[in-house]
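# Structural overview for review
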Amino acid sequence: MTIYRSTSDGPVPIDPASGAGSPRPRTPWRKAPFNALRGGMVGAAESVPGISGGTIALVVGLYDDLIDAAGELLHAVRTLVSGIVRRTGTAAGLSALKGIDWPLLVPVGVGMVVVLLASLNTIAPLLESNPVPMRALFFGMILVSIAVPLRMMPNRFGVLDGVLVAVAAVAAFFLTGLPPSEIADPPLWLVFLGAAVAINALVLPGVSGSFVLLAMGLYVPVQAALHDRNFAFIAVFGLGAIVGLSSFVKLLQWLLHHRRQATMAVLAGLMIGSLRSLWPWQSEEGALQAASGSIVLPLLLTLVGAALVLSAMIWESKQHKNVAK
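These lines cover the structure that appears in this document, whether it is placed above or below.

### Overview of the overall build of the chain
- Counting secondary structure elements, the chain contains 15 helices and 2 strands.
- Across the 325 residues that make up the chain, the buried fraction comes to 45%.
- Considering only contacts within the chain whose residues lie at least 6 apart along the sequence, 75% involve residues at least 24 apart.
- Roughly 16,600 Å² of accessible area belongs to the chain as shown, and the carbon and sulfur atoms make up 70% of that amount.

Here it is in structure tokens:
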């Protein structure tokens with residue numbers, strides 16, 4: 001896995017030989033198929049309750065670049081809208097749009113959406129019909145993935161880092177253990193707030209947006225609104241998602257650039273706590289249970305999941321070394 005250090009210009013990859021780094025160049029279009037594949041892996045993760053796309057983005061080496069590209073996009077849109085509203089012209093906004101890393105953002109976005117839609121008809125039904133083996137597979141994947149943010153720390157792991165990991169793990173464990181609730185007719189202000197909070201699960205490893213909506217009682221109402229084409233509900237939800245994501249992405253971008261050590265510790269803790277939702281043996285209400293029945297297949301699938309992620313980490317590390325040569 002690529003290891004970065006924090007600088008005044010943001011995180012840069014460390015050259016193991018020299019200990020120095022140089023700013024990452026813009027993504028060339030020739031890497032579009034590869035980035036679409038990585039985006040597809042993120043989309044597949046989003047189709048599985050309990051797995052955050054942010055976790056997979058970390059594993060495949062997309063996390064920093066995606067957060068930076070999203071921050072650039074939000075800044076460009078804000079600049080463009082501001083120029084139109086204030087009648088100062090669109091030159092600054094259009095210039096900012098040109099500076100976005102489109103060769104990364106477009107393929108990743110397309111791959112994410114296409115695979116997410118396909119996975120909803122494949123992975124989700126498998127998880128529903130075979131919950132124990134499927135959760136065992138994902139448990140192994142996330143268990144090994146915890147090493148990713150720890151390896152991306154610019155400095156050695158310290159006592160404060162351990163505290164942050166523990167606090168974040170407890171918070172994620174509590175969040176994923178909240179019993180689902182449902183509000184028959186939620187007020188629009190709650191819909192706005194729920195969307196603003198849940199959308200950030202897209203960029204936080206270890207946090208699933210579906211769990212947030214379930215805990216707030218909005219999961220079923222959101223599904224019903226989409227099915228019934230309740231445009232007022234959908235518009236408020238979309239607005240809340242835009243406001244929440246635009247606010248949080250800029251904060252996360254700043255944290256990755258200026259407080260990277262602590263941020264990676266928190267992300268690792270969130271991933272540890274999220275393992276609760278992927279424990280293979282659970283009741284229908286989500287209560288944890290002791291292992292029962294044959295544990296051979298779940299154990300093997302856990303090892304397979306761990307091996308898959310470990311292979312991805314090794315492959316990504318080799319890719320970085322090839323680029324550095």
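### Here we look at the environment of Ala268
- Residue placement: Ala268 occurs in helix H14 (residues 260-274).
- In this structure the C-alpha to C-alpha distance between Ala268 and Thr55, which are 213 residues apart in sequence, comes to 9.5 Å.
- In contact with Ala268, other than residues within four places in its own chain, are Ile146, Pro149, Leu150 and Val165.

### Topic: helix H9 (residues 159-176)
- The first and last C-alpha atoms of H9 sit 26 Å apart over 18 residues, in line with the 26 Å expected at 1.5 Å per residue.
- Taken residue by residue, H9 has Asp161, Val165, Ala168, Ala169, Ala172 and Thr176 as its buried positions. End-on view of H9: buried residues confined to an arc of 105°, all on one side of the axis. Among the exposed residues of H9, those oriented more than 90 degrees off its buried face are Val159, Leu160, Val167, Val170 and Phe174.

### A few points about a nonpolar patch on the surface
- The grouping of Trp29, Trp102, Val106, Val110 and Val114 at the surface amounts to a nonpolar patch, some 480 Å² of accessible area in total.
- In this structure, Val110 sits in helix H5 (residues 102-119).

### Focus: the packing of helix H3 (residues 63-85) against helix H4 (residues 91-98)
- Running from amino to carboxyl end, H3 crosses H4 at an angle of 165°, the nearest separation of the two axes being 7 Å. For the element pair H3 / H4, the angle class is roughly antiparallel. Read as a crossing pair, H3 and H4 show a hand that is left-handed. When H3 is examined against H4, the residues Leu73, His75, Ala76, Thr79 and Leu80 are found in contact with a partner set consisting of Ala92, Gly93, Leu94, Ala96 and Leu97.
- A class-by-class count of the residues in the contact of H3 with H4 yields 7 nonpolar, 3 polar and no charged.

### Some points on the nonpolar core
- Ile51, Leu58, Leu62, Tyr63, Phe138, Leu252 and Leu267 are the most contacted members of the largest nonpolar core, which has 55 residues in total.
- If one sorts the elements of this core by residue count, helix H7 (residues 131-145) sits on top with 7 residues.
- Once residues lying within four places of it in the same chain are set aside, the contact partners of Phe138 are Val48, Ile51, Ile123, Leu127 and Leu278.
- Counting 9 residues, the second-largest nonpolar core is a separate cluster that includes Leu190, Ala198, Leu213 and Phe233.

### Side note on the packing of aromatic side chains
- The final tally for this structure, using the stated rule, is 2 aromatic pairs.
- Measuring from ring centre to ring centre gives 6.0 Å for Phe139 and Trp279, while their planes differ by 75°; the resulting arrangement is edge-to-face. Of this pair, Phe139 sits in helix H7 while Trp279 sits in the loop between H14 and helix H15 (296-324), and the two are 140 residues apart along the sequence.
- By relative accessible area, which is 17% here, Phe139 ends up buried.
- Chaining the aromatic ring pairs together yields one cluster made of Phe139, Trp279 and Trp281.
- Above the face of the Phe173 ring, Arg276 is positioned so that its terminal group lies 5.5 Å from the ring centre.

### Digging into the packing of helix H13 (residues 231-258) against H14
- Put simply, H13 and H14 touch, their axes get as near as 6 Å, and they point 115° apart. Facing H13, whose interface residues are Leu252, Leu255, Leu256 and His258, H14 presents Arg260, Thr263 and Met264.
- A breakdown of the residues in the contact of H13 with H14 according to their chemical character gives 4 nonpolar, 2 polar and 1 charged.

Cut-offs used in this document
- Residues numbered from 1 in each chain as written.
- Predicted model: local features only at pLDDT ≥ 70, side-chain atom pairs only at ≥ 80, totals over all residues.
- Heavy atoms only, no water.
- Helix = DSSP H or I, 4+ residues; strand = E, 2+ residues; numbered from the N terminus.
- Buried < 20%, exposed > 50% of the residue type's maximum accessible area, 1.4 Å probe, protein only.
- Contact = heavy atoms within 4.5 Å.
- Areas by Shrake-Rupley, 256 points an atom, 1.4 Å probe, with all protein chains shown as cover.
- Expected span 1.5 Å × (residues − 1).
- Arc of directions from axis to C-beta.
- Patch = residues over 30% accessible without salt bridge, like charges linked within 9 Å, V, L, I, M, F, W, Y side chains within 5 Å.
- Salt bridge = Lys/Arg side-chain N within 4 Å of Asp/Glu carboxyl O.
- Axes fitted to C-alpha atoms, helices over the stretch in contact; angles between N-to-C directions.
- Parallel < 35°, antiparallel > 145°, perpendicular 65-115°, else oblique.
- Left-handed = near helix turned anticlockwise from the far one by under 90°.
- Nonpolar A, V, L, I, M, F, W, Y, C, P; charged D, E, K, R; others polar.
- Core = buried A, V, L, I, M, F, W, Y, C linked by side-chain atoms within 4.5 Å.
- Phe/Tyr/Trp six-rings, centres within 6.5 Å; stacked < 30°, edge-to-face > 60°.
- Lys NZ or Arg CZ within 6 Å of the ring centre and 35° of its normal.

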